[in-house]
Amino acid sequence: MDIKAHVLHSGDMEADYTWLLLKPDRIIKPVQERNTPREFGLVPTHAILVETPEGRMLWDTGVPRDWAKRWEPTTFDRFFPVVDDAEDPEAGYLDHSLAQMGLTTEDIDLLVLSHLHFDHAANAKAFDNGKTKIVTSSAELEGVKGITGYNQGAHIPSDYEGLDIGGIDGDEEILPGVSVIQTPGHTWGTMSLMLDLPNDGTKIFTSDAVYMRDSWGPPAVGAAIVWNNLAWLDSVEKLRKIAQEKEAEVFFGHDADQAANDIRWAPEGFYS
Ligand SMILES: [Zn+2]
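Here's a quick rundown of the structure. (Residues numbered from 1 in each chain as written. Predicted model: local features only at pLDDT ≥ 70, side-chain atom pairs only at ≥ 80, totals over all residues. Heavy atoms only, no water.)

## Observations concerning a negative patch on the surface
A surface patch of like charges, here negative, comprises D84, D85, E87 and D88. Considering the arrangement of structural elements, one finds D84 in the loop between helix 2 (76-79) and helix 3 (94-100). (Patch = residues over 30% accessible without salt bridge, like charges linked within 9 Å, V, L, I, M, F, W, Y side chains within 5 Å. Areas by Shrake-Rupley, 256 points an atom, 1.4 Å probe, with all protein chains shown as cover. Salt bridge = Lys/Arg side-chain N within 4 Å of Asp/Glu carboxyl O. Lys, Arg positive; Asp, Glu negative; His and termini not counted. Charge placed at Lys NZ, Arg CZ, Asp CG, Glu CD. Helix = DSSP H or I, 4+ residues; strand = E, 2+ residues; numbered from the N terminus.)

What follows is the structure in structure tokens.
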């Protein structure tokens, strides 16, 4: 089966790691270190372009170019500012990464959003082109119905409102070798992506079901903002079981060390 996956840069943020990781020794300081700085660092995002004989799929869309304006009403512009590439401020965003692959949003047949947070669904409206089918989990679509106002936590409805977004109910093989796994807890309907690749084996992209390698453990380590902690923990253990059975490589949603050292980034690198 001819299937090729490309990991695309879709924007790096910077943040206080306490948001992502409530880990004693690493993030939480002993009282004696009350005057030492907190741990700030990069919070990278990625999108996955999957080419299959049945069409091109994209997983997630990263952060928007107009993040400063769009996030200002939420204060995320202060907590998660996007860090531009020092050499090329145009680089790093999804449209640039797609262009490096010779593609525009119109070349994407299916856009799958892991969930509808501001750093995953932000560029969804660029795919409102009459050609791309857009889906996310049914539970996420149901959850966001209750949001009033400009944002609720990290959901900004204007990122995706008005789009025709289809719902996925369960764990499902959406294209040959391409499956979504329901991993709720971070939000109502966060999903993970699993690729069964002929040469490189099984790859699991957790999105925000697991932020970082340090979140994965075992034991799993929680984060500052989780919609439902018990569901979140069940989802991490569900992924761990699948990953062990399939001897899968696991890619975390926002791990700076993994992003810097252990990903074959597009446009040169790929998985097949
Ligand atoms: Zn999220």
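Still more to cover.
## Quick look at the coordination of the zinc ion
Surrounding the zinc ion are the protein donor atoms H115 (NE2), H117 (ND1), H186 (NE2) and D208 (OD), at 2.1 to 2.2 Å. Each donor residue of the zinc ion belongs to the same chain, and together they define the spacing H-x1-H-x68-H-x21-D. Residue H117 is found in the loop between strand 4 (110-112) and strand 5 (133-137), and its partner H186 is found in the loop between strand 8 (178-182) and strand 9 (191-197); the two are separated by 69 residues along the sequence. An identical accessibility class is assigned to H117 and H186; each is buried. (Donors = N, O, S within 2.8 Å, 3.2 Å for Na, K, Ca; no water. Buried < 20%, exposed > 50% of the residue type's maximum accessible area, 1.4 Å probe, protein only.)

## Considering the sheet that holds strand 6 (residues 165-168)
With mixed pairing, six strands are arranged side by side in an open sheet as 1-2-3-4-5-6. Each end of this open sheet is capped by a strand with a single partner; those strands are strand 1 (4-16) and strand 6. Across this sheet, the average inter-strand angle for adjacent strands is 25 degrees, counted without regard to direction. Relative to strand 5, strand 4 is paired through three bridges, and the arrangement is parallel. When the bridges of strand 5 are listed, L111 appears paired with I134. (Pairing = 2+ DSSP bridges. Axes fitted to C-alpha atoms, helices over the stretch in contact; angles between N-to-C directions.)

## Focus on the pairing of strand 10 (residues 201-205)
With respect to burial, strand 10 is a largely interior element, four of its five residues being buried. Bridge analysis of strand 9 against strand 10 gives five bridges, and the strand direction is antiparallel. Among the inter-strand pairings, M194 is bridged to a residue of strand 10, identified as I204. In this antiparallel pair of consecutive strands, strand 9 and strand 10, the connection spans three residues. Pairing between strand 10 and strand 11 (residues 249-251): three bridges, direction parallel. If you follow K203 over to strand 11, its bridge partner there is E249.

## Quick notes on the sheet that holds strand 9
If you trace the five strands from one edge of the open sheet to the other, you get 7-8-9-10-11, paired in mixed fashion. Edge strands, defined here as strands with exactly one partner in the open sheet, are strand 7 (172-175) and strand 11. Between one strand and the next, the sheet's axes are offset by a mean angle of 25 degrees, whatever the strand orientation.

## Some points on the nonpolar core
Within the largest apolar cluster, 37 residues are counted, with the highest numbers of intra-cluster contacts made by M13, W71, F118 and W216. Of all the secondary-structure elements, those providing two or more residues to this core are strand 1, helix 1 (67-71) and helix 6 (229-246). Considering each element in turn, this core owes the most residues, five residues, to helix 6. (Core = buried A, V, L, I, M, F, W, Y, C linked by side-chain atoms within 4.5 Å.)

## Quick notes on the side chain of K203
Within the element layout of this structure, K203 appears in strand 10. A distance of 3.2 Å separates a polar atom in the side chain of K203 from the backbone oxygen of D200. Polar contacts involving the side chain of K203 include one to the side chain of E249, which spans 2.6 Å. Other than its neighbours up to four places away in sequence, K203 contacts L193, M194, L195, L197, E249, F251 and Y271. (Polar contact = N/O pair within 3.5 Å; in protein donor to acceptor, adjacent residues only side chain to side chain. Contact = heavy atoms within 4.5 Å.)

## As for the packing of aromatic side chains
All chains considered together, the criterion is met by 11 aromatic pairs. Ring geometry for F251 against Y271: centres 5.6 Å apart, planes inclined by 70 degrees, an arrangement best described as edge-to-face. Of this pair, F251 sits in strand 11 while Y271 sits in the segment after helix 7 (256-261), and the two are 20 residues apart along the sequence. Taken together, W19, W67, W71, F76, F79, F80 and F118 form an aromatic cluster joined through their ring pairs. In this structure, K4 packs its charged tip against the face of F270, placed 4.2 Å from the ring centre. (Phe/Tyr/Trp six-rings, centres within 6.5 Å; stacked < 30°, edge-to-face > 60°. Lys NZ or Arg CZ within 6 Å of the ring centre and 35° of its normal.)

## Let's talk about the pattern of salt bridges
Tallying each qualifying case throughout the model produces 19 salt bridges. Ionic pairing is found between R65 and E90, a salt bridge with its closest N-O pair at 3.4 Å. With R65 in the loop between strand 3 (55-59) and helix 1 and E90 in the loop between helix 2 and helix 3, this residue pair connects regions lying 25 residues apart in the sequence. For R65, a relative accessible area of 35% puts it in the partly exposed group.

## Details of unusual backbone geometry
A cis geometry characterises the amide bond from P218 onward to P219, with omega recorded as -5 degrees. Of the consecutive residues A266 and P267, the connecting peptide bond is found in the cis state with omega at 5 degrees. Structurally, P267 is set in the segment after helix 7. Unlike most non-glycine residues, D60 shows phi in positive territory, near 70 degrees. Among the structural elements, D60 can be located in the loop between strand 3 and helix 1. Residue E247 is not a glycine yet carries a positive backbone phi of 50 degrees.

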